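Below are the chains, spelled out letter by letter.
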Amino acid sequence: MSPHPLAPPDAKSRLAPWVEGLLLAMIVLVVVSMGGQAVRTSYHGYLHTTLGESVLRDGLLPENPYHAEAPLRYYTLYPTLGVLLGRLGMGALWGFAVLNLLAALLLGPALDALGRRLSLSFWARRLAFMGMVVGFNGFGYYFVGDGAVPVDGAQPLLILREFTQLGDIAWDARLQSFLPKLCNVSSFALALPFALAALAQLLGALEHPQRKLRLQAGGLLGLATAINPLVGLHTGLLFAVMVLYHMQQGKVWKQVLLEWVPSAVLAVFIAIPFLMPLLQAAPAGAPEQSPQFPLAGDGAIWNLLGPLAALVVLSIPAWWRWPRQTRLFVAAAIGFAVVMSFLELPWDNQYKFPRVAGIFLALPLGMALVPNQPLRSMGKGALAWMVVGVVSLFAMVPTTYRTVEVYAAWTDADLLPLSEVHAGRIVLKESDALRSFPPAVAEAERALAPSVVLLMHPRHPVASGAGMGASGNRLAPVLHHSLFVDTPQIHNQEQPDLRRRLDLVTSLWECRDWSRKGVGTREMDRVASLDEIRLMMAGRGIAILSLEGDAGSHSFFMAAGGELRAQENGVTLWWFAPLQATVAD
């Protein structure tokens, strides 16, 4: 890091990173526009929309909208921002797309600011940005064999899966290139620029102690953590390492700690309201098996070696050119990401950390390819390495181009029921609404008391659909009440009573357990199942969304004391009073 205060950047240095960010944002805009609703929904769009709606309905500690009576144990800032943007008129799915555009735009200035603190030259910072965008699994395009490839328009994850396979080895199929995180609905991309900017301010504050820089660093750290706590955890560890290292450089440790306490408090103050759900106790009892990603590859080692190989090789010369403190910072950033890649998280979400390592490897790559010296004074070896590196970077462009091409062709929008927007909320298209949630029924559901719990068949039309278990109940974003249960997905998989609830709900319509497999299936009494559900939700009204065509359901719900609240096009909404209620809802 520079031993003297950084000189104010000239006009070229100020403009270049914004141009980079703008170009990246334009690529993302092309993808989310051409790919349309399929890309904007991607794998988690309905989930995040449902969570954001729950926060706006219930506050910062909402009930789990997919599992009534259970707290939502998830961070809430990102889904809330997407839904709030959508309320301006564009709908939540475009709201999340706008957040991705913002993330892409800010990545240029954020990485540039960190590069300047690490004394990278102007052109080294340009190549670092290029290396970050195209260098992650950069040669994946060249791994593709001659085997059958899914047709364009299929899920990008499946088309690009071959990018992550090299002979008999494979890494996580989501580690195709850097770009997908900016195209899918995900808080990860939005947290990155704030994390990089926080680290830039941290380094500046350590070199030139100023209260303003420390507070800026703390505020940005808090914002990054609130958006995505995994990114925040990695960034927070770097903060701790660098501050501790600084304490060893001759300063009194009490003075250093006192200087940074306000920054830490500010970070916690910003992040904690949106992380409070994560701090709630896990449900008691043995949970369902933690969900794992079905295309996880051959483990963390290959998740790191496969995507990062080119970046590692091209960055080698930088390590002996940097001063000790700079090497410590970059090595710690990469090292933490490597170690965290071996964690065991639901849906193998530790796969995100190789991406983080790739970002920090792009910085020494830029330094290695363009050392801080005039071109005419560079030795033949350095010039040769620079040429090889730049050529290699351009050879990685086809992988990113193919990623753009595949995402832009993702056109399964006909399978997506929530493809229209009304008053800033995504709504069902008419054909899907009529067969699953017609207007009269939807209005009756919205008019129920907020405490009412909603039941529907796990395979209710439109509500269930493909999505590799990542989209949840597809009616959930338009509902105004929590579901009694949903089929297993990321936000309810670990609930210990998940299978029991599924059995009970399936019994209401089919008199059997939820599992379709014959082994172990037993007949269940519908009356006993309904009584048990009402007892589990004691004190709360129960609403049941059903179809008149379901065998015997109409007469059963009527005989059980249900009140028919709405009926349209063969879809019915029944209401059952709380067991402990003394007056009608």
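For the structure, see preceding data.
The structure displayed is predicted, hence computed values, not measured ones. (Residues numbered from 1 in each chain as written. Predicted model: local features only at pLDDT ≥ 70, side-chain atom pairs only at ≥ 80, totals over all residues. Heavy atoms only, no water.)

1. Examining the packing of helix α1 (residues 11-34) against helix α5 (residues 92-117)
Then step 1. Their axes nearest at 7 Å, the elements α1 and α5 cross at an angle of 155°. With respect to each other, α1 and α5 are oriented roughly antiparallel. At the point where α1 passes α5, the crossing takes the right-handed sense. Of the residues in α5, those in contact with Ser13, Pro17, Trp18, Glu20, Gly21, Leu22, Leu24, Ala25, Val28, Leu29, Val32 and Ser33 of α1 are Trp94, Ala97, Asn100, Leu101, Ala104, Leu105, Leu106, Leu107, Gly108, Pro109 and Asp112. (Axes fitted to C-alpha atoms, helices over the stretch in contact; angles between N-to-C directions. Helix = DSSP H or I, 4+ residues; strand = E, 2+ residues; numbered from the N terminus. Parallel < 35°, antiparallel > 145°, perpendicular 65-115°, else oblique. Left-handed = near helix turned anticlockwise from the far one by under 90°. Contact = heavy atoms within 4.5 Å.)

2. Concerning the pattern of salt bridges
Then step 1. What the rule picks out here adds up to 18 salt bridges.
Then step 2. In this structure, Glu20 and Arg126 form a salt bridge, with 2.5 Å as the shortest nitrogen-oxygen distance. Residue Glu20 is found in helix α1, and its partner Arg126 is found in helix α6 (residues 122-134); the two are separated by 106 residues along the sequence. Take Glu20 and Arg126: they sit in the same class, and that class is buried.
Then step 3. Between Arg512 and Glu510 there is a salt bridge whose closest N-O contact spans 2.9 Å. (Salt bridge = Lys/Arg side-chain N within 4 Å of Asp/Glu carboxyl O. Buried < 20%, exposed > 50% of the residue type's maximum accessible area, 1.4 Å probe, protein only.)

3. Some details on the packing of helix α14 (residues 324-340) against helix α15 (residues 352-369)
In a packed pair of helices, the relevant descriptors are the angle between the two axes and the axis-to-axis distance.
Then step 1. The geometry of α14 relative to α15 is characterised by a closest axis approach of 8 Å and an angle of 160° between their N-to-C directions. Classed by the angle they form, the pair α14 and α15 counts as roughly antiparallel. Where α14 crosses over α15, the handedness of that crossing is left-handed. Touching Phe329, Val330, Ala333, Ile334, Ala337 and Met340 of α14 are Phe353, Val356, Ala357, Phe360, Leu361 and Pro364, all from α15.

4. Notes on the side chain of Arg534
Then step 1. Summarising the element assignment, Arg534 is placed in helix α21 (residues 526-536).
Then step 2. Ignoring anything within four residues of it in the chain, the contact list for Arg534 reads Ile542, Ala560, Phe576, Ala577, Pro578 and Leu579.

5. Comments concerning the environment of Leu215
Then step 1. Secondary-structure assignment places Leu215 in helix α10 (residues 211-227).
Then step 2. Relative accessible area serves as the criterion here: at 25%, Leu215 is assigned to the partly exposed category.
Then step 3. Separated by 46 residues in sequence, Leu215 and Val261 have C-alpha atoms that sit 9.7 Å apart.
Then step 4. Beyond its immediate sequence surroundings of up to four residues, Leu215 is in contact with Pro262, Ser263 and Leu266.

6. Quick notes on a nonpolar patch on the surface
Then step 1. On the surface, a cluster of nonpolar side chains totalling about 570 Å² of accessible area is made up of Leu60, Leu61, Val268, Ile272, Met276, Leu278 and Leu279.
Then step 2. Structurally, Leu61 can be placed in the loop between α3 (45-58) and α4 (77-90). (Patch = residues over 30% accessible without salt bridge, like charges linked within 9 Å, V, L, I, M, F, W, Y side chains within 5 Å. Areas by Shrake-Rupley, 256 points an atom, 1.4 Å probe, with all protein chains shown as cover.)

7. Details of the nonpolar core
Then step 1. In terms of nonpolar packing, the biggest core is built from 149 residues, with Leu114, Leu182, Phe329 and Phe360 touching the most fellow members.
Then step 2. Here this core gets 15 residues from one element, more than from any other, and that element is helix α9 (residues 187-207).
Then step 3. When sequence neighbours within four positions are dropped, the list of residues in contact with Phe360 reads Leu114, Leu196, Leu199, His234, Leu238, Phe329, Val330, Ala333 and Ile334.
Then step 4. The next biggest cluster of nonpolar side chains, apart from the first, holds 22 residues, and it includes Trp509, Ile544, Phe557 and Phe576. (Core = buried A, V, L, I, M, F, W, Y, C linked by side-chain atoms within 4.5 Å.)

8. Points about the sheet that holds strand β5 (residues 453-456)
Then step 1. Strand order across the open sheet formed by four strands is β5-β6-β8-β7, with mixed pairing between neighbours. Two strands lie at the open edges of the sheet, namely β5 and β7 (563-568), each paired on one side alone. Taking each pair of neighbouring strands and ignoring which way they run, the sheet shows an average axis angle of 20°.
Then step 2. Strand direction decides the pairing type here: β7 and strand β8 (residues 571-576), joined by five bridges, are antiparallel. Directly across from Glu563, in β8, lies its bridge partner Trp575.
Then step 3. Docked against the sheet, helix α19 (residues 439-447) engages β5, β6 (542-547), β7 and β8, running at close to 145° with respect to β7.
Then step 4. Where α21 meets the sheet, its contacts fall on β5, β6 and β8, and the angle it forms with β6 comes to roughly 140°. (Pairing = 2+ DSSP bridges.)

9. Description of the pairing of β6
Then step 1. Taken across its six residues, β6 has six buried, putting it largely inside the fold.
Then step 2. Judged by which residues are buried, β6 turns out to be covered on both faces: Ile542, Ile544 and Ser546 on one side and Ala543, Leu545 and Leu547 on the other are all buried.
Then step 3. Alignment of β5 against β6, held across four bridges, turns out to be parallel. Counted as the bridge partner of Met456 is Leu545 from β6.
Then step 4. Here β6 pairs with β8 via six bridges, running antiparallel. Of the residues in β8, the one forming a bridge with Leu547 is Val571.

10. Some thoughts on the packing of aromatic side chains
Then step 1. For the structure on display, the rule yields 16 aromatic pairs.
Then step 2. Plain terms: the ring middles of Tyr43 and Trp410 are 5.2 Å apart, the flat faces sit at 35° to each other, and that makes the pair tilted. A residue pair is termed long-range when its members are at least 10 positions apart, and Tyr43 in the loop between α2 (37-41) and α3 and Trp410 in the loop between α17 (397-408) and β3 (420-422) qualify at 367 residues. Each member of the pair, Tyr43 together with Trp410, is buried.
Then step 3. Summarising the aromatic geometry, the rings of Phe557 and Phe576 are spaced 6.3 Å apart at their centres and angled 75° between planes, so their arrangement reads as edge-to-face. Note that Phe557 is positioned in helix α22 (residues 553-559) and Phe576 in strand β8, a separation of 19 residues in sequence. A single burial state applies to Phe557 and to Phe576, both of which are buried.
Then step 4. Among the aromatic residues, those joined into a cluster by ring pairs are Trp509, Phe556, Phe557, Trp574 and Phe576.
Then step 5. Over the ring of Phe556 we find Arg526; its NZ or CZ atom is 4.5 Å from the centre of that ring.
Then step 6. Above the face of the Trp575 ring, Arg565 is positioned so that its terminal group lies 4.6 Å from the ring centre. (Phe/Tyr/Trp six-rings, centres within 6.5 Å; stacked < 30°, edge-to-face > 60°. Lys NZ or Arg CZ within 6 Å of the ring centre and 35° of its normal.)

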